[in-house]
Amino acid sequence: MPDWKKLIAGKIAIAKKGNTPGKVNQDIRVPAGQTEVKNFPILDLGILPDINKDNWQLRVYGLVENELNLDWEAFQALPQITDVSDFHCVTRWTRLDMDWVGVKAQELLMMADPLENARYVTLHGYDGYTTNLPLEALLDDDVIVAHSVLGYPLTTAHGGPVRMIVPKRYAWKGAKWLKAIELHEHDRRGFWEVRGYHNEADPFKEQRFSDDE
Ligand SMILES: Nc1nc2c(c(=O)[nH]1)N[C@H]1C(S)=C(S)[C@@H](COP(=O)(O)O)O[C@H]1N2
Ligand SMILES: [Mo]
């Protein structure tokens, strides 16, 4: 049984010390099968939800001690960070050095206080989109619930007011128009994961399709 409280506290302590030198191999920033782009393409289901700062809420629920329901003001009051990471889309483009601004997922999970049997999360978007991850993947230091990038608030097209960014996975694992983070015990495949995309989605292992699982 993982002690989530201890694990989250430990990760935060490491994060505060800064990144381990040499942890990132700068030579291979663009994974195999990807091409670097300088623009920022838009990929989604084509449903633009009518969500803005005034009607947006983020819920963290399921296997947690304290369910969270945060409006824009409460979200803005949390510690804000910038995390620079690379964005890898399974449709074979990579954009380097995206400077996401927002709240660390660690922070929200620490507040929600996962129960001992929490193992997996489903991210829900306001367009009905879902994607799944192990809870531990959300505790990585670079996972951010972001409201701005490249110097501007996120446009609606890119998932504004708030989206999830999980740099170590292909971009479909980052829900745009983030509505909720649901914690559960057993893994539940999300929208693309039941339609042929890989459950793990590590771009450096080219985990694109579920045939390779
Ligand atoms: N809510 C929601 N989030 C989503 C999607 C979506 O359709 N709905 N598409 C995913 C996919 S497949 C990708 S590649 C990225 C694209 O993000 P972008 O449009 O900002 O480039 O968002 C992901 N998050
Ligand atoms: Mo995608």
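Caption draft 1: Structural detail: the confidence of the model for the protein. Of all residues in the protein, 93% attain a pLDDT of 70 or more, and the chain-wide mean is 93. Residue range residues 19–23 is modelled with pLDDT below 50. Its contacts to residues more than four positions away, or to other chains, number one contact.

Caption draft 2: Fine view of the environment of Ala 112. Position of Ala 112 relative to the elements: it lies in helix α3 (residues 105–112). Residues Ala 112 and Lys 38, spaced 74 residues apart in sequence, show a C-alpha to C-alpha distance of 37 Å. Non-local contacts of Ala 112, meaning those with residues more than four positions away in its chain, are made with Val 60, Val 64, Glu 65, Asn 66 and Leu 68.

Caption draft 3: Main features of unusual backbone geometry. A cis amide bond links Gly 160 with the next residue in sequence, Pro 161, at an omega value of 10°. As for its position among the elements, Pro 161 is in the loop between β9 (152–153) and β10 (163–165). At Trp 177, a residue that is not glycine, the phi angle is positive and equals roughly 45°. Looking at where Trp 177 falls in the secondary structure, it is placed in the loop between β10 and β11 (178–184). Given a relative accessible area of 1%, Trp 177 falls into the buried group. Notably, Ala 201 is not glycine yet its phi reads approximately 65°, a positive angle. When you line up the elements, Ala 201 lands in the segment after β11. Its relative accessible area of 0% is what places Ala 201 among the buried residues.

Caption draft 4: Fine view of the layout of surface pockets. Roughly 350 Å³ of volume is contained in the second largest pocket. Lining the second largest pocket are 23 residues, with Leu 43, Asp 44, Tyr 129, Ala 171 and Trp 172 positioned closest to its centre.

Caption draft 5: Representation of the side chain of Asn 199 within the structure. Positionally, Asn 199 belongs in the segment after β11. A distance of 2.8 Å separates the side chain of Asn 199 from the side chain of Asp 187, its partner in a polar contact. The contact partners of Asn 199, leaving out residues within four places of it in the chain, are Asn 132, Lys 173, Asp 187, Arg 189, Glu 193 and Glu 213.

How each quantity is defined
Residues numbered from 1 in each chain as written. Chains lettered and ligands numbered in written order. Predicted model: local features only at pLDDT ≥ 70, side-chain atom pairs only at ≥ 80, totals over all residues. Heavy atoms only, no water. pLDDT = per-residue confidence, 0-100. Contact = heavy atoms within 4.5 Å. Helix = DSSP H or I, 4+ residues; strand = E, 2+ residues; numbered from the N terminus. Buried < 20%, exposed > 50% of the residue type's maximum accessible area, 1.4 Å probe, protein only. 1 Å grid on protein atoms, 1.4 Å probe; cavity = no way out; pocket = protein on both sides within 12 Å on 5 of 7 lines; lining within 4 Å. Points joined across faces, edges and corners; volume = space filled by probe spheres on them. Polar contact = N/O pair within 3.5 Å; in protein donor to acceptor, adjacent residues only side chain to side chain.

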